Amino acid sequence: MTFTRRKLIQGTAIAAATSIAPMKVVFGQTAEFSYKFANNVPLTHPLNVRAKAAADAIRNETNGRLDIQIFPSNQLGSDTDTLSQVRSGGVEFFSLSGLILSTLVPAAAINGMGFAFPDYAAVWRAMDGDLGAYVRGQIAKSNLVAMDKIWDNGFRQTTTSNKPINGADDLRGLKIRVPVSPMWTSMFKAFEASPASINASEMYTALQTKVVDAQENPLSVVSLFKLNEVQKYCSLTNHMWDGFWFLANRRAWERLPANLREIVAKHLNAAAVLQRADMAALNGGLQQELTSKGMVFNATKPDSFRNKLRTAGYYQEWKAKFGEEAWATLEKYTGKLG
Ligand code: X2X
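Here the structure is a predicted model, which means the values were calculated and not measured.

Visitor: Please explain the nonpolar core as it appears in this structure.
Guide: Note on soluble globular proteins: their nonpolar side chains tend to be buried together. Within the largest apolar cluster, 60 residues are counted, with the highest numbers of intra-cluster contacts made by Leu101, Met113 and Phe117. Counting residues in hydrophobic clusters, the runner-up holds 46 residues, among them Ala51, Val212, Leu227 and Cys234.

Next comes the structure, spelled out in structure tokens:
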């Protein structure tokens, strides 16, 4: 019996038994591979909009053999939990900031070096070039596979409930939420702030209950997580660029036949490139939108922040941690750092 006929017959039988719309049952019941994709952003984030379109395209092109279900907003657990699940295979796909991934793969934090990339052009040259290839090589040594194209999270800005940040001095003593990663803690300690490592899923509540007074994220996250409800000031610090690696559990990835893997990679990588453009368009209008909702913006100059990091030994420390090869690869795209 051919795959299609079997599918039809099964679908008809189930539909007859349950009177649920047959097409839905056919896909749901007969997908040969049913994989979960977890992430930490809401369904409305371009990452999920494009991932959903890619999942649909993959389902179609594989004739329903691979069904990818999306679990947004940390529904399956915090980033730290989900990282364990994608390593063990409980979750097949997970998109994660390289900086958080660095708790497992230290090199993955490198794109988050403070004030390294001047603009998106430099980011994509590096991440689609040798720097990204280097990091993916390191990721491959763990139990994970990273798709070639990294997705955009964005250049990060600083929001607070109590004062604008104009220069490095304003960060001193600031209770600021950062994601769980040594790169963030180290940077904000160098600024003499008081960083608290908190998963994205608990960020809103931590700000609302004043466990912390500040956080830092791209404007897209500020808006889509509605942080403007609990934060007043937004200082355009652009202190680092952060992106999401689209990760697969290695065994789950290798379980897919080669032709399916090719289809998946093709659609996910194409979706990443489209998502980058969505993010650029989204970010373009967000300052105005957030201002209309009551946030107060200010521009900053990188010099005061960079000097503070330099004096604190931040660049030296990370150069030693990443090693000569990785550092030289980064500086190929950013120019001399530190
Ligand atoms: O947790 C965050 O701040 C977020 C959503 O930007 C990341 O995934 C790093």
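Visitor: Which parts of the structure should I look at to understand the pattern of salt bridges?
Guide: Considering all chains together, one arrives at 20 salt bridges under this definition. Ionic pairing is found between Asp67 and Arg59, a salt bridge with its closest N-O pair at 2.6 Å. Using a relative accessible area of 10% as the deciding quantity, one classes Asp67 as buried. Residue classification places Arg59 among the buried positions, given a relative accessible area of 14%. Residue Asp130 is joined to Lys332 by a salt bridge in which the shortest nitrogen-to-oxygen separation is 2.2 Å. Placement of Asp130 in helix α7 (residues 130-140) and of Lys332 in helix α15 (residues 324-334) is noted, with a sequence separation of 202 residues between them. Shared partners join several salt bridges into a network, and the residues in it are Lys52, Asp56, Arg59 and Asp67.

Visitor: Looking at this model, I keep getting lost on the environment of Asn228. Mind explaining?
Guide: Among the structural elements, Asn228 can be located in the loop between α10 (219-224) and β10 (233-236). Sequence separation between Asn228 and Lys293 is 65 residues, and the spatial gap between their C-alpha atoms is 7.4 Å. Here Asn228 is in contact with Val222, Ser223, Leu290, Lys293 and Met295, once residues within four sequence places are set aside.

Visitor: How do you make sense of empty space enclosed by the protein when you look at a structure like this?
Guide: Rolled over the atoms, a probe with the dimensions of a water molecule shows which regions are left empty. Taken as a whole and assessed by the stated rule, the structure comprises two cavities of 30 Å³ or more. In this structure, the largest cavity spans a volume of roughly 120 Å³. Asn40, Asn153, Arg156, Ala200 and Asn217 are the residues nearest the centre of the largest cavity, which is lined by 17 residues in total. When grouped by side-chain class, the residues that make up the lining of the largest cavity number nine nonpolar, four polar and four charged. Space inside the second largest cavity adds up to approximately 30 Å³. If you go around the second largest cavity, the residues you meet are Phe115, Thr158, Leu171, Phe188, Phe191, Thr237, His239 and Phe305. Its residues assigned to classes, the lining of the second largest cavity shows five nonpolar, three polar and no charged.

Visitor: Sorry if this is basic, but what is going on with unusual backbone geometry here?
Guide: Where the residue is not glycine, phi is negative for most of them; where a peptide bond is considered, it is trans in most cases. The residue Asn74 is not glycine, and still its phi comes out positive at about 55 degrees. Tracing the sequence through the fold places Asn74 in the loop between β2 (66-71) and α4 (79-88). Asn74 gets classed as buried once you look at its relative accessible area, which sits at 10%. The phi angle at Lys210 is positive, at roughly 65 degrees, despite the residue not being glycine. Looking at the secondary structure, you find Lys210 in the loop between α9 (203-208) and β9 (214-217). Judged by its relative accessible area of 49%, Lys210 is partly exposed.

Scoring rules and cut-offs
- Residues numbered from 1 in each chain as written.
- Predicted model: local features only at pLDDT ≥ 70, side-chain atom pairs only at ≥ 80, totals over all residues.
- Heavy atoms only, no water.
- Core = buried A, V, L, I, M, F, W, Y, C linked by side-chain atoms within 4.5 Å.
- Buried < 20%, exposed > 50% of the residue type's maximum accessible area, 1.4 Å probe, protein only.
- Salt bridge = Lys/Arg side-chain N within 4 Å of Asp/Glu carboxyl O.
- Helix = DSSP H or I, 4+ residues; strand = E, 2+ residues; numbered from the N terminus.
- Contact = heavy atoms within 4.5 Å.
- 1 Å grid on protein atoms, 1.4 Å probe; cavity = no way out; pocket = protein on both sides within 12 Å on 5 of 7 lines; lining within 4 Å.
- Points joined across faces, edges and corners; volume = space filled by probe spheres on them.
- Nonpolar A, V, L, I, M, F, W, Y, C, P; charged D, E, K, R; others polar.

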